[in-house]
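# Summary of the model geometry
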Amino acid sequence: MTDQHQHSGNCCGQSASESTTPSAPEEKKYIDPVCGMQVAKNTEKTARFQGVAYYFCSQSCVSKFNAAPENYVKAKRVIGMGSVPGASAAVSASAPATMSTAAMSDPVVREVSRIKQAGGNSCCGGSHAAPQSMQHDPQGAHKDPVCGMTVNENSQHQFVHAGQTYYFCCDSCKQKFSKNPQTYLNPELAPAAKPVAKDAIYMCPMDPEIEQIGPGICPICGMALEPKEAIIEEDNSELQDMSRRLKISIALSLPLLLLTMGDMLPGISFHDLLGMRIFDWLQFALATPVVAWLGRPFFERAIASFKSGNLNMFSLIGVGTAAAYLFSLFALLFPQALPDAFKMDGMAPLYFEAAAVIICLVILGQVLELRARSQTNQAIKSLLALTPATAIRIAADGNEAEIPLDKVQVGDLLRVKPGAHIPVDGLLVDGHSHVDESMITGEPIPVGKQAGDKLSAGTINQQGSFSLRAEKIGRDTLIAKIIDMVNQAGRSRAPIQKLADKVAGWFVPAVIAAAILAFILWALFGPAPALANGLMAAVSVLIIACPCALGLATPISVTVGIGRGAVEGILIKDAEALERLEKIDTLVIDKTGTLTEGKPTLQEFIVADGANEKELLAIALATEQQSEHPLAQAVADFIRKKNITAASISDFKAISGKGVQATCNGQQILLGKPALLEENHIGQQEFSSRINELQQRGHTVMVMAVNAKAAALISVADSIKASSLQAVQQLQQQGIRVIVLTGDNAQTAQAVATQLGLNEVHADVLPEDKFRFIQQLQQQGCIVAMAGDGINDAPALAQANVGIAMGTGTDVAMHSAHVVLVKGDLRGIAKARTLSRNVMRNIRQNLFFAFAYNFIGVPVAAGVLFPWFGILLSPMIASAAMSLSSVSVISNALRLRYTRL
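These notes cover the structure that comes with them. As the structure is a prediction and not an experimental result, all values here were calculated from the model.

With that out of the way, let us pick up the overall build of the protein chain. Looking only at helices and strands, one finds 30 helices and 33 strands in the protein chain. Partitioning the intrachain contacts of the protein chain with sequence separation of at least 6 by distance along the chain shows that 64% fall at a separation of at least 24. Of the roughly 40200 Å² that the protein chain leaves accessible, carbon and sulfur atoms contribute 56%.

So, in structure tokens, the structure goes:
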């Protein structure tokens, strides 16, 4: 075991050699819930329970945890959607066997473990009216033909078809199969995957640790959960239900409001016209359906919040509205029992209209909020819409057939027609075209593609038809990984959110205390009717407070901002990196593959006076294509693009570290470093000045001699990216200190830096030196970003405050970095900093508004202005203000969709 294993005995049932390797000191630590050891994040030793990931020291602890997770961690309670139509009250069909019997019997508890099939979603295809037992055995000998899960012969869900027994994981799969077996036995007839899975994982935007299968309500904040993974077609059942409730509540609340406010109109007095008794009971009749029926979801959420101890906005709404309604009901039924301090002119006041209008306005706020929240993932939805639903597959006999996208297999040959979206990642086999990759890279100019070039799913074929060999499909495609990365980043929490989280912890209890204090002060010192005014002040305090505005201020802006970056080809992996980006003052850049293209290319081919260029190119191609040196390959690739046919050579010989020699049509050919020609006493005076100039610029120079006479000069170098100079200038204009840190030789590094106007260069640096260099800068107080693309850059990328990887580089570098530039364009760093500044400014605006709204609104609702201005806020006005507060925060965040980068 590692030195962190402090207790006696080996809990994991394995030898020391099998234990987890300790992580770097700076890596975040987790506690193994089984044995209590401190461990690093390890995807191979992880398990999920109720939507939360837990990490372990060994597979033994993983197995123990999976067998009975409730023995090691406390189960969460997730409340249902109440009476909202279209939302299932339970998703127990998806509950694994690990759930306790007591939990299964509780209608409030939901199993939120992530159960996935091969396609990524739970197999049951939706919620079920009655609980089912899920059968799943990873070692089972049978495969469920509907969802693909493995089961054994003991599964209780079996069906006999054509004399053969089929085994299923649940009754839902069995029923689907029994209705039409051929659609599942014949892959070509199988139904296409639904764009929206009713049993997808849903989570809370304010409390991302809350997850469950299917829609529901967050037990902490009371907000409706939303899909964890962005989907094109949303489950808008709650929006539809709230819209219906809004229409009915308006139809009842508006007449009630007119009825009670009629006395304010000249010549109209409904209570005189109807009589006081009918007048009062009519208010009750109009208000009761609004409060008791249409407002039922809010009261259910309020009750659940008090049971769990997680007080939230609905706790305040429930208490405030219930107080106004129940007081009015008591006053209606038992008017003589009220103290005189509650009465005005001997009459007991009724607040039915206040309770009803508050509920109506809260419903309106929910409708506006749900509509606004649906727009926060618009960038991801637009990316999702890029992948076509079908693809054209070319069969071995050359016939073409349109098939569903989920039927495409790796290695399939696909036809892509002009104007069509490319369905999968692959290699262009035959044909040529220009492809619009702006949706992934942010680059508006179409890119020319020829045979052998890579293509990405979601990009658009501009012109020409070509065939494509599928290499990556489904979740393995670049666009799928981008969407997944953006989703994960949008759910992460920025450090700035800690302030809002701390305030939210005591906010609701403080508001309830303020409401009680307001009631007492009004009762003791307020004008008649003192108790009635005190009650209304308390209700106004409870209603106007909005903890949701505080909770949404940060995550909404992060979600929209990270989605905006994805559209530009800037993938930011978490909210913390997004926040740090605006603070960086030093950028360390690797040279090869970051500032430069990362591969050598032929820069110049200069022939001596009177020489035949085409003939020399043919000879150079013939000699270099037989060499294994990387520079020789660069020369050969360049000449091939000129459609030059290689000359016929013989007696080829490689001279180690110097060049090659051969014979062509009786002529002696020598091609290599200038020193090779000097050794053979061949003059190079015609090229000497050019050789010196190119070498000073960091080029590798070769000279070709024919029959002991210098005939051509060849220059090879790793080209500087076309965008590097502009990127460096933009960063320097932003006040960023730019340092080149490379393992390449000093001469080449200095040449590149000089061309880019950079003064600080550190060359011949080893990977561990890069890591230590970043540490030294941080110790000096610098906030450092590191940009690189290779495996040797991974340690430095992980150590930097913000690691930036080129999307054209290695997977290791991209996994180590916090930001990925899909196109490998350094101008994306300046864009990322601009995005970071805009997002952080937006978050601060939201937090300021949320704090200001609550700290001003609550005292005003309590009546602090009454002694000087006679202002006492109506609960209905307080409700309208509360409903609009969250909407205003979301609307402000949505402005980030149009921010200029």
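Together, Ile516, Leu517, Ile520, Leu521, Leu524 and Phe525 make up an exposed nonpolar region whose accessible area comes to about 630 Å². Assignment of secondary structure puts phenylalanine 525 in helix α14 (residues 497–525).

Time to look at the pattern of salt bridges. All told, the structure shown has 18 salt bridges when counted by the stated rule. Notably, a salt bridge pairs arginine 245 with aspartate 241, separated by 2.6 Å at the nearest N-O pair. You can see arginine 245 and its partner aspartate 241 sitting in helix α5 (residues 237–261), four residues apart, about one turn around the helix. Judged on exposure class, the residue arginine 245 and its partner aspartate 241 are both buried. Residue arginine 737 is joined to glutamate 760 by a salt bridge in which the shortest nitrogen-to-oxygen separation is 2.9 Å. Here arginine 737, found in strand β29 (residues 737–741), pairs with glutamate 760, found in strand β30 (residues 760–762); they are 23 residues apart in sequence, far enough to count as distant. Counted as one network, the salt bridges with shared partners bring together Asp241, Arg244 and Arg245.

When we look at burial in helix α24 (residues 746–756), the residues that qualify are Thr748, Ala749, Ala751, Val752, Ala753 and Leu756. Once α24 ends, the next one or two residues include glycine 757, with phi positive near 75°.

Note on placement: asparagine 842 falls in helix α28 (residues 827–862). Polar side-chain contacts of asparagine 842 include one of 2.6 Å to the side chain of serine 557. Residues in contact with asparagine 842, not counting those within four places in the same chain, are Ser557, Asn892, Ala893, Arg895 and Leu896.

With respect to topology, six strands assemble into an open sheet ordered β13-β12-β14-β20-β15-β18, the strand pairing being antiparallel. In the strand order of this sheet, the two ends are held by β13 (400–404) and β18 (454–455), each with one partner. Strand direction decides the pairing type here: strand β15 (residues 425–430) and β18, joined by two bridges, are antiparallel. From the neighbouring strand, leucine 427 faces β18, where its bridge partner is lysine 454.

Counting residues in hydrophobic clusters, the biggest one holds 129 residues, and the most contacted among them are Ile572 and Ile804. Here this core takes 15 residues from α28, the largest share from any one element. By size, the runner-up hydrophobic cluster in this structure holds 28 residues, among which are Ile619, Val635, Ala636 and Ile669.

This part covers the pairing of strand β27 (residues 700–706). The buried fraction of β27 is high, at six of seven residues. With four bridges connecting them, strand β26 (residues 667–672) and β27 associate as antiparallel partners. Looking across to β27, one finds that isoleucine 669 is bridged to valine 706. In the sheet, β27 pairs with strand β28 (residues 710–720) via six bridges, with the strands oriented antiparallel.

Scanning all chains against the criterion turns up 14 aromatic pairs. Centroid distance phenylalanine 56 to phenylalanine 65: 5.1 Å. Interplanar angle 55°. Geometry classified as tilted. Taking the relative accessible area as the measure of exposure, phenylalanine 56 reaches 0% and is therefore buried. The rings of Phe159, Tyr166, Phe168 and Phe177 are connected pair by pair, giving a single aromatic cluster.

All right, on to the sheet that holds strand β19 (residues 460–463) then. Strand order in the open sheet made by the three strands is β17-β16-β19, with antiparallel pairing throughout. The sheet terminates laterally at β17 (447–449) and β19, the two strands that pair on one side only. The average undirected angle you get between the axes of adjacent strands in this sheet is 40°. In this structure, strand β16 (residues 433–436) lies alongside β19, joined through three bridges in antiparallel fashion. By the bridge assignment for β19, histidine 434 is matched with glutamine 463.

The next point concerns the packing of helix α15 (residues 530–544) against helix α30 (residues 875–894). Close contact between α15 and α30 brings their axes to 8 Å; oriented N to C, the two are set at 5°. Taken together, the axes of α15 and α30 lie roughly parallel to each other. Contacts between α15 and α30 involve Met536, Val539, Ser540, Ile543 and Ile544 from the former and Pro875, Ala878, Ser879, Ala881 and Met882 from the latter. Broken down by class, the residue content of the contact of α15 with α30 amounts to eight nonpolar, two polar and no charged.

Scoring rules and cut-offs
In this numbering scheme, every chain counts its residues from 1 along its sequence in written order. Under the rules for a predicted model, residues below a pLDDT of 70 receive no local features and side-chain atom pairs below 80 are neither given nor counted, while totals for whole chains, interfaces and linings still include all residues. Only heavy atoms go into the side-chain values, all of them from the structure, while hydrogens and water stay out. Helix numbers and strand numbers start at the N terminus; a helix is a DSSP run of H or I with at least 4 residues, a strand a run of E with at least 2. When checking whether two residues touch, look at their non-hydrogen atoms; a contact exists if any pair is within 4.5 Å. Surface exposure here means Shrake-Rupley accessible area, sampled with a 1.4 Å probe, where a residue is shielded only by the protein chains that are shown. For patch building, the residue pool is restricted to those with more than 30% relative accessible area and no salt bridge; the joining distance is 9 Å between like charges and 5 Å between nonpolar side chains (Val, Leu, Ile, Met, Phe, Trp, Tyr). Any carboxyl oxygen of Asp or Glu that lies within 4 Å of a side-chain nitrogen of Lys or Arg is treated as forming a salt bridge with it. Residue exposure (1.4 Å probe, protein chains only): buried if accessible area is under 20% of the type maximum, exposed if over 50%, otherwise partly exposed. For the purposes of these results, a polar contact is taken to be a pair of N or O atoms within 3.5 Å, where, inside protein, one atom must be able to donate a hydrogen and its partner to accept one; residues adjacent in sequence count only when each atom of the pair is a side-chain atom. What makes two strands pair is DSSP finding at least two bridges between them. By convention a nonpolar core is built from buried Ala, Val, Leu, Ile, Met, Phe, Trp, Tyr and Cys residues, the set being connected through side-chain atoms within 4.5 Å. Note on ring pairs: Phe, Tyr and Trp rings are taken, using the six-membered ring of Trp, and paired if centres are within 6.5 Å. Classes follow the plane angle, with under 30 degrees stacked, over 60 edge-to-face and the rest tilted. Here an angle of 0 to 180 degrees is reported between the N-to-C directions of two axes, which are lines fitted to C-alpha atoms, with helices fitted over the stretch in contact. We call two directions roughly parallel when the angle between them is under 35 degrees, roughly antiparallel when it is over 145, roughly perpendicular when it lies between 65 and 115, and oblique otherwise. Ten residues, namely Ala, Val, Leu, Ile, Met, Phe, Trp, Tyr, Cys and Pro, are considered nonpolar, four, namely Asp, Glu, Lys and Arg, are considered charged, and the remaining ones, Gly among them, are considered polar.

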